[in-house]
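Chain by chain, the residues:
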Amino acid sequence: MIRPARFVGVAVLLAVSIWVPAPVEPALATSCSITATVQFGTRSGQVACLEARLIRLGFDGVEGPDLFFGLSTRDAVLEFQTDRSLGIDGIVGPKTLAALVQAGQVPAIPAVATVPAAIIEERVIGVSVQGRDITAVRMGTPGGRVVLIVGVIHGDEVKGAEITAALRLLPTPVGIDLWLIDSINPDGQASGTRENHNGVDLNRNFENGWSYIAPSTEHHQYSGEAPADQPETIAVQAFIREIQPSVGIWYHQDANAISTSGTRKEIPLRYGELVGLSPADVPCSQRCTGTAGSFANSAVAESTNFLVELPGSELVTGAMIARHAAAVLEVVVL
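## A few points about the environment of Gly93
Link 1 in the chain: Examined against the element boundaries, Gly93 turns out to sit in the loop between helix H2 (71–83) and helix H3 (94–103).
Link 2 in the chain: Judged by its relative accessible area of 14%, Gly93 is buried.
Link 3 in the chain: Linking Gly93 and Ile34, residues 59 residues apart in sequence, is a C-alpha distance of 9.9 Å.

Shown next as structure tokens:
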């Protein structure tokens, strides 16, 4: 079962100020800041602020954000103090706090009007080879800028579905017509294989730029016998042509990079900045033929579809899922 990650959006003011979700209702948030010394054993809302800032700075081992300054938080503070040649005591006093502020000198995330987290439409857009539903859910503002987020294409690269699950619990920016698909390859996901039940790599089966790649037990990138000859591909292509997404984000693993395909390069570049991924050409050992993102960019004029390559599953933390969900909601309004 996928367990949705909590959302943390971050804003750095004179002190370390962020938005931290209320523990019961993820769609609500309250303001907080670090104004007092905190250390191991401290239990307060300011600890949640500290943990969120540490997570944003890349300390993925931090558990939380929550109210308790535990061992994982202390270890991250000790590492931060070591990196910046501070007094190494694990205590966040004035000097460590000042260094945290300096380390996080980024513009505050502007306030954006949002629509409360709610699914306004759930649609089965097709079925897999084995008859499993491929389902899209809709949130936000119908008639606004259309955005499509796809969690899983390859059945053994599943962490993107945790990001789409997290997004279902978060308010959507006003003016964004948001569609979420957890997986376009439910058969592969069920069997833990890259390909669908017919042994086809769905990200080599889309119409745009398709060319034949023979079946192989080594590279597992069989293209199918013809472009879009798989039911999953047919369903997704039809859906894209129908909704015409201006922005599309397609999650993969394990290259730990981001592509900058599509018309507006500033969107994936900003996403990469927010989550700490560098732009790179994602390698295709058997040619990048018939890919979903290239099809969407071709099918929708002036659109921006790009790939986000997460690291290996064992390296993807709850904090990382939260950062990616936050990044989606920031870049879709650019």
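And the narrative resumes.
## Here we look at the packing of helix H7 (residues 266–275) against helix H9 (residues 318–331)
Link 1 in the chain: Where H7 contacts H9, the axes come no closer than 9 Å and their chain directions differ by 150 degrees. Relative to H9, H7 is oriented so that their crossing is right-handed. Contacts between H7 and H9 pair Ile267, Arg270, Tyr271, Leu274 and Val275 from the former with Arg323, His324, Ala327, Val328, Glu330 and Val331 from the latter.
Link 2 in the chain: In the contact of H7 with H9, the residues fall into seven nonpolar, one polar and three charged.

## Focus on the state of the cysteines
Link 1 in the chain: The tally for this structure, following the rule as stated, stands at one disulfide.
Link 2 in the chain: Sulfur-sulfur distance for the disulfide between Cys284 and Cys288 comes to 1.8 Å. Measuring handedness by torsion sign, the sulfur bridge of Cys284 and Cys288 sits at about 90 degrees and is right-handed.
Link 3 in the chain: Classification of Cys288 by relative accessible area gives partly exposed; the value is 49%.

## Thoughts on helix H4 (residues 160–167)
Link 1 in the chain: Counting buried positions along H4 yields eight of eight residues, so the element is predominantly enclosed.
Link 2 in the chain: Among the residues making up H4, those that are buried are Gly160, Ala161, Glu162, Ile163, Thr164, Ala165, Ala166 and Leu167.
Link 3 in the chain: Considering only its buried residues, H4 is in contact with strand E6 (133–140), strand E7 (145–152), strand E9 (176–183), strand E10 (247–253), strand E12 (304–310) and H9.

## Description of the packing of aromatic side chains
Link 1 in the chain: Counted by the stated rule, this structure contains five aromatic pairs.
Link 2 in the chain: Arranged with centres 5.8 Å apart and planes meeting at 45 degrees, the rings of Phe206 and Phe295 form a pair that is tilted. One end of the pair, Phe206, is in the loop between helix H5 (186–191) and helix H6 (231–243); the other, Phe295, is in helix H8 (residues 292–299), and 89 residues separate them in sequence. In terms of burial, Phe206 and Phe295 fall into one category: buried.
Link 3 in the chain: With a centroid separation of 5.9 Å and 70 degrees between ring planes, the pair formed by Tyr271 and Phe306 is classed as edge-to-face. Of the two residues, Tyr271 sits in helix H7 while Phe306 sits in strand E12, which places them 35 residues apart along the sequence.

## Topic: the pairing of E9
Link 1 in the chain: Within E9, seven of the eight residues are buried, which leaves it mostly tucked inside the rest of the structure.
Link 2 in the chain: One ladder, built from five bridges, connects E6 with E9; its direction is antiparallel. Each bridged residue has a counterpart across the sheet, and for Val137 the counterpart in E9 is Leu180.
Link 3 in the chain: The pairing of E7 with E9 spans seven bridges and is parallel.

## Quick look at the pattern of salt bridges
Link 1 in the chain: All told, the structure shown has 14 salt bridges when counted by the stated rule.
Link 2 in the chain: The partner of Asp201 in a salt bridge is Arg194, with the nearest N and O atoms 2.9 Å apart.
Link 3 in the chain: Residue classification places Asp201 among the buried residues on the basis of a relative accessible area of 0%.
Link 4 in the chain: For Arg194, a relative accessible area of 17% translates into the label buried.
Link 5 in the chain: A cluster of three or more residues bridged by salt bridges with shared partners is formed by Glu121, Arg123, Arg138, Asp177 and Glu242.

The rules behind each value
- Residues numbered from 1 in each chain as written.
- Predicted model: local features only at pLDDT ≥ 70, side-chain atom pairs only at ≥ 80, totals over all residues.
- Heavy atoms only, no water.
- Helix = DSSP H or I, 4+ residues; strand = E, 2+ residues; numbered from the N terminus.
- Buried < 20%, exposed > 50% of the residue type's maximum accessible area, 1.4 Å probe, protein only.
- Axes fitted to C-alpha atoms, helices over the stretch in contact; angles between N-to-C directions.
- Left-handed = near helix turned anticlockwise from the far one by under 90°.
- Contact = heavy atoms within 4.5 Å.
- Nonpolar A, V, L, I, M, F, W, Y, C, P; charged D, E, K, R; others polar.
- Disulfide = S-S within 2.5 Å.
- Phe/Tyr/Trp six-rings, centres within 6.5 Å; stacked < 30°, edge-to-face > 60°.
- Pairing = 2+ DSSP bridges.
- Salt bridge = Lys/Arg side-chain N within 4 Å of Asp/Glu carboxyl O.

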